[in-house]
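For reference, the chains in residue letters:
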Amino acid sequence: MLRQILDPDERVIQLTKLRTRKPLPFSLVELQRTPKSEEIFEIKHVNYLKVEVERYRGRNIVSHCYKCNWYHHKAGECESKARCLKCAGPHETNKCNITDRIPNPKCINCGETGNVDSFRGCRAFPKPSFTQQNRLINLNSQQRTFNTNANRVRDNFSYSRALNQHPLQEMAPRIPSIENSKPIDIPTNAFKDIAEELAELKNLMQEFPNLFSALKELKKARDTTEKLNILMKASDNSGTPVSG
């Protein structure tokens, strides 16, 4: 259907980024204003791809011709005689003999001194239409409001929890980190006492080596009296293992 609408002299341009020249998922189609060209808005698929056709929305910038230095057209489309921006001579500005900057130029369109024809304050410069003026006034009159409480940071409130549509399903409380926990106050003499107790236990094990086997036998004892008997045998028979 697209081939039926397009004529051989009409173009389809793949748009790219300005700096990187990377292709964009947009194409610019140039068509003549005919009743047939309106059929392009009925196209929904191209090569099995879903597409959306929109009208071109250009920028609201007045085009300026660098050949005749007038407005609403480009130099490639200009059919008027050339006019120099500097001296108003019958030649293009880039071919003028004046190469130095003119401190107080004279506009070739309005005739006033102190500005050039591209100056927006020039009397001959095209003014925006009534619709464009109203649109600019509306944009300037709109006041943007920002709710500071809507995006404020809350403690123990994650981003996923803010997006949760079921607030009743609460998340597990955050475990306090070790860095923020208070240090444990341990007395200085505690380490010394522990070291002395371990040394005494070591000496006791060296003197009574049967204590290890006696401790295992304590699990099988039926009462306290039997446990005491096992310990007594271990202390008496320091070199003989205890048997059950």
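Residues numbered from 1 in each chain as written. Predicted model: local features only at pLDDT ≥ 70, side-chain atom pairs only at ≥ 80, totals over all residues. Heavy atoms only, no water.

Student: Is there a simple way to think about the pattern of salt bridges in this case?
Tutor: Should their charged atoms come close, side chains of opposite charge can pair. Evaluated as defined, the whole model comprises four salt bridges. The shortest N-O distance in the salt bridge between glutamate 30 and arginine 11 comes to 3.0 Å. Highlighted residues: glutamate 30 in the loop between β2 (23–29) and β3 (45–46) and arginine 11 in the loop between α1 (2–5) and β1 (12–16), separated in sequence by 19 residues. Judged by its relative accessible area of 34%, glutamate 30 is partly exposed. Here arginine 55 and glutamate 38 are joined by a salt bridge, their closest N and O atoms 2.9 Å apart. Of this pair, arginine 55 sits in the loop between β4 (49–50) and α2 (130–141) while glutamate 38 is found in the loop between β2 and β3, placing the two residues 17 residues apart along the sequence. Using a relative accessible area of 52% as the deciding quantity, one classes arginine 55 as exposed. Glutamate 38 gets classed as partly exposed once you look at its relative accessible area, which sits at 39%. (Salt bridge = Lys/Arg side-chain N within 4 Å of Asp/Glu carboxyl O. Helix = DSSP H or I, 4+ residues; strand = E, 2+ residues; numbered from the N terminus. Buried < 20%, exposed > 50% of the residue type's maximum accessible area, 1.4 Å probe, protein only.)

Student: Quick question: what am I supposed to make of helix α5 (residues 211–218) here?
Tutor: Residues spaced three or four apart along an α-helix point in a common direction, a consequence of the helix completing one turn every 3.6 residues. All of the buried residues in α5 are Leu211, Ala214, Glu217 and Leu218. Seen end-on, α5 carries its buried residues on one side only, within an arc spanning 110 degrees. Seen from the open side of α5, the exposed residues pointing more than 90 degrees away from its buried face are Phe212 and Lys216. (Arc of directions from axis to C-beta.)

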